Amino acid sequence: MRNFRVPLLITTPIYYANAAPHLGSAYTTIAADVLARHWRNQKRRVFSLTGTDEHGQKVADAAKQAGVDPQAFVDQQAKVFKTAFQGLNVGFDRFIRTTEPDHLKGVEFFLNQLKKAQTPKKRPAIYKGIYQGWYCQGCEKFLTEKELVEGKCPLHQTAPQYLTEENYFFRLSDYLPQIRKAISQNKLKIFPSTARQETLGYFKQGVQDFSISRQKVDWGVPLPFDKRQTAYVWVDALPNYLTGVGYGQGRRYRNWWRGEVVHFMARDILKFHAIYWPALLLAVGEPMPYTIVAHGFFTVEGKKMSKSLGNVILPKEAIAKFGVDGTRYLLLSACPFGQDGDLSMVRFLEKYNADLANGLGNLASRTTNMLERYLVGRVSLGQPPKPLLRANQHIENFDFFRALQEIWKTITWANQAIDKVQPWELAKKQDKTSQAKLKKFLSELAAQLLEIAKAIKPFMPEAGKRIEASLHAESIKKIPPLFIRAV
RNA sequence: CGCGGGAUGGAGCAGUAGCAGCUCGCCGGGCUCAUAAUCCGGAGGUCGGGGGUGCAAAUCCCCCUCCCGCAACCA
């Protein structure tokens, strides 16, 4: 049983600033926002955190290509992300940037703690090691095996040199047993269970120590104990979860970091969050996060989204067509949370019209219209016949898909009830029993609609508010269309 | 034997042991409060293939076929 008085820190990854926000980042961010809104509605203390990861070679490259210096470039990118998230109606408490002075200070502190740390086996957590890899002179960076095409750099068509450089390593291996135990005992919870299994699988495959610094990357945080090297971007990025709540500036970060912590992300960075990050935290003497929530990937019409295929769906296209609420709904109802999903604009359109315009929107219309016409807008709301407790439970278990299913079952139930009772027939009759029956039914229906509005509010804040406002009015009037049918 | 996910009526998907469900589409009917919305009924599936365990399997075990992600520092 969770203690709902414990403060809750909800995070998204900080998004890498070299590219524009896409549907995947929108999905993660919306999911985190839904959870945050849900808990805020329950009056729980919540701090939600998102932001941009602005260091690293790729950002430097992107800036160079744009012909501006890195700082100017990331300033611009941060704005792009902020605007995009505002456009999705996500209300974060803080948007952190890794180039902010606060963060830099926090990371330096973090790195110093790391340098001082002893592993459980009483060895220094940080040691000097040799990093080897294929270095491309043209790119001025190490390429991964995967990036090589027939042994050559795809960009410069030259064979890279096999170079070695000395940098600092983190002795991850000494922390693995403790993390593995925490995961298998569900002290460190990973949702959904498939992601948990995947993580445990990593341990079986073996996880190696990793280097925390680079010699040849200038655009980064210099190591406080060796200024010739900069921090490996992950070691710069992950601590944002701490610095975002004030780490490095006294103890106030503990207000949040000693509470419940939930990290949202896509599965591609699960390993970093479920293994590297807990280990780093153990090393610097901080508690591990409580919960890691990883979702899957989207394909579009069966294929991986890619610019070259031209099947990329941008968040703003969806918003233009289906509105903010509509987009939030369509994304979270696209597939069970945690699984991979397939999207298409055609299906979005079908679902938007079926579920939102014809379903929720129409129910709100017919209900409020009958209240206005038959009861002159006056009704005292009773208890909803179908409370939506299970929808809330699903949200708390990060199962947004099923939460929505639950709510939509109730919408169907309400539509069926209206047709069964036929309030318009009761309204024609003037006798007392019919009038009483009518009044009772409509007050229940109104209560049910209010219940639905409350339940959808975390997902669709605007629609939820509008329905609530309409039902709380002195005299209830027919609500204007919530979702205009799209074509 | 690298790791993992998937294959369910025309389309898209739920469903991890107990008479196979949902949405869209299609056919027929009802209603008129409502955003040409809504409600009822119907057609349509041997749940990728084969074998096994169970009183009972889409659901557990084994084998096979086909798809898709990820694979040591890619952030």
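Please read these numbers as outputs of a predicted model, since none were measured by experiment. (Residues numbered from 1 in each chain as written. Chains lettered and ligands numbered in written order. Predicted model: local features only at pLDDT ≥ 70, side-chain atom pairs only at ≥ 80, totals over all residues. Heavy atoms only, no water.)

Turning our attention to the packing of helix α11 (residues 315-332) against helix α12 (residues 345-375). When two helices pack together, their arrangement is captured by the angle between the axes and the distance separating the axes. Two numbers describe how α11 lies on α12: the axes approach to 10 Å, and their chain directions differ by 65 degrees. Judged by the inter-axis angle, α11 sits roughly perpendicular to α12. Here α11 runs over α12; the crossing is left-handed. Contact with α11, carried on its side by Glu-317, Ala-318, Lys-321, Phe-322, Gly-326, Tyr-329, Leu-330 and Leu-331, involves Met-345, Phe-348, Leu-349, Lys-351, Tyr-352, Asp-355 and Leu-356 of α12 and no other residues of that element. Of the residues that constitute the contact of α11 with α12, the class distribution is 10 nonpolar, 1 polar and 4 charged. (Axes fitted to C-alpha atoms, helices over the stretch in contact; angles between N-to-C directions. Helix = DSSP H or I, 4+ residues; strand = E, 2+ residues; numbered from the N terminus. Parallel < 35°, antiparallel > 145°, perpendicular 65-115°, else oblique. Left-handed = near helix turned anticlockwise from the far one by under 90°. Contact = heavy atoms within 4.5 Å. Nonpolar A, V, L, I, M, F, W, Y, C, P; charged D, E, K, R; others polar.)

Turning our eyes to something else, we now look at the nonpolar core. In this structure, Phe-264, Phe-400, Ile-407, Trp-408, Phe-459, Met-460 and Ile-467 are the most contacted members of the largest nonpolar core, which totals 82 residues. Both of domain 1 (8-304) and domain 2 (315-471) provide at least three residues apiece to this core. When neighbours within four sequence positions are excluded, Trp-408 is seen to be in contact with Tyr-329, Asp-355, Leu-356, Leu-360, Ile-456 and Met-460. Counting residues in each nonpolar core, the second largest holds 62 residues, with Leu-188, Ile-190, Phe-210 and Ile-269 among its members. (Core = buried A, V, L, I, M, F, W, Y, C linked by side-chain atoms within 4.5 Å. Buried < 20%, exposed > 50% of the residue type's maximum accessible area, 1.4 Å probe, protein only. Domains from an automatic or database assignment.)

In this section: the protein's contact with RNA strand B. Around RNA strand B lies a shell of 45 residues, among which Gln-208, Tyr-232, Trp-234, Asn-362 and Lys-478 are the nearest. Atoms of RNA strand B within 4 Å of the protein: sugar and phosphate make up 73%, bases the balance. With respect to RNA strand B, the side chain of Arg-366 contributes an N or O atom lying 2.6 Å from a base nitrogen. One nitrogen or oxygen atom from the side chain of Asn-369 is found 2.6 Å from a sugar or linking oxygen belonging to RNA strand B. Contributing elements (two or more residues each) for the surface near RNA strand B: α6 (193-205), β8 (210-211), α7 (233-237), α12, α14 (400-421) and α15 (423-428). With 13 residues, the single largest contributor to the surface near RNA strand B is α12. (Near = heavy atom within 4 Å. Polar contact = N/O pair within 3.5 Å; in protein donor to acceptor, adjacent residues only side chain to side chain.)

Neighbouring strands of a sheet are bound in pairs by backbone hydrogen bonds; such pairs are parallel or else antiparallel. Read from one edge of the open sheet, 4 strands run β5-β4-β6-β8, paired in antiparallel fashion. Strands with a single pairing partner mark the edges of an open sheet, and in this sheet they are β5 (141-143) and β8. Pairing between strand β6 (residues 161-170) and β8: 2 bridges, direction antiparallel. Among the inter-strand pairings, Phe-170 is bridged to a residue of β8, identified as Phe-210. (Pairing = 2+ DSSP bridges.)

Attention now moves to the pattern of salt bridges. Side chains that differ in charge, positive against negative, can pair when their charged atoms come close. Per the counting criterion, the structure on display carries 23 salt bridges. Its salt-bridge partner being Arg-94, residue Glu-100 comes within 2.8 Å of it at the nearest N-O pair. Taking the relative accessible area as the measure of exposure, Arg-94 reaches 17% and is therefore buried. The partner of Lys-440 in a salt bridge is Glu-444, with the nearest N and O atoms 3.2 Å apart. Here Glu-444 and Lys-440 lie together in helix α16 (residues 432-456), a separation of 4 residues that amounts to about one turn. For Lys-440, a relative accessible area of 53% corresponds to the exposed category. (Salt bridge = Lys/Arg side-chain N within 4 Å of Asp/Glu carboxyl O.)

This brings us to the domain arrangement of chain A. The domain architecture assigned to chain A consists of domain 1 (8-304) and domain 2 (315-471). Using C-alpha coordinates to define each centre, domain 1 is positioned 39 Å away from domain 2. Opposite the 36 residues of domain 1 that make contact, domain 2 presents 29 residues. Summing both partners gives a buried area of about 2,800 Å² for domain 1 against domain 2, and 66% of it is carried by carbon and sulfur. (Buried area = accessible area lost by both parts, 1.4 Å probe.)

This part takes up unusual backbone geometry. The peptide bond linking Phe-191 to Pro-192 adopts the cis configuration, its omega dihedral lying at -15 degrees. The residue Pro-192 is located in the loop between β7 (189-191) and α6 in this model. Despite not being glycine, Asn-186 shows a phi value in the positive range, around 60 degrees. Topologically, Asn-186 is positioned in the loop between α5 (176-184) and β7. Despite not being glycine, Phe-398 shows a phi value in the positive range, around 65 degrees.

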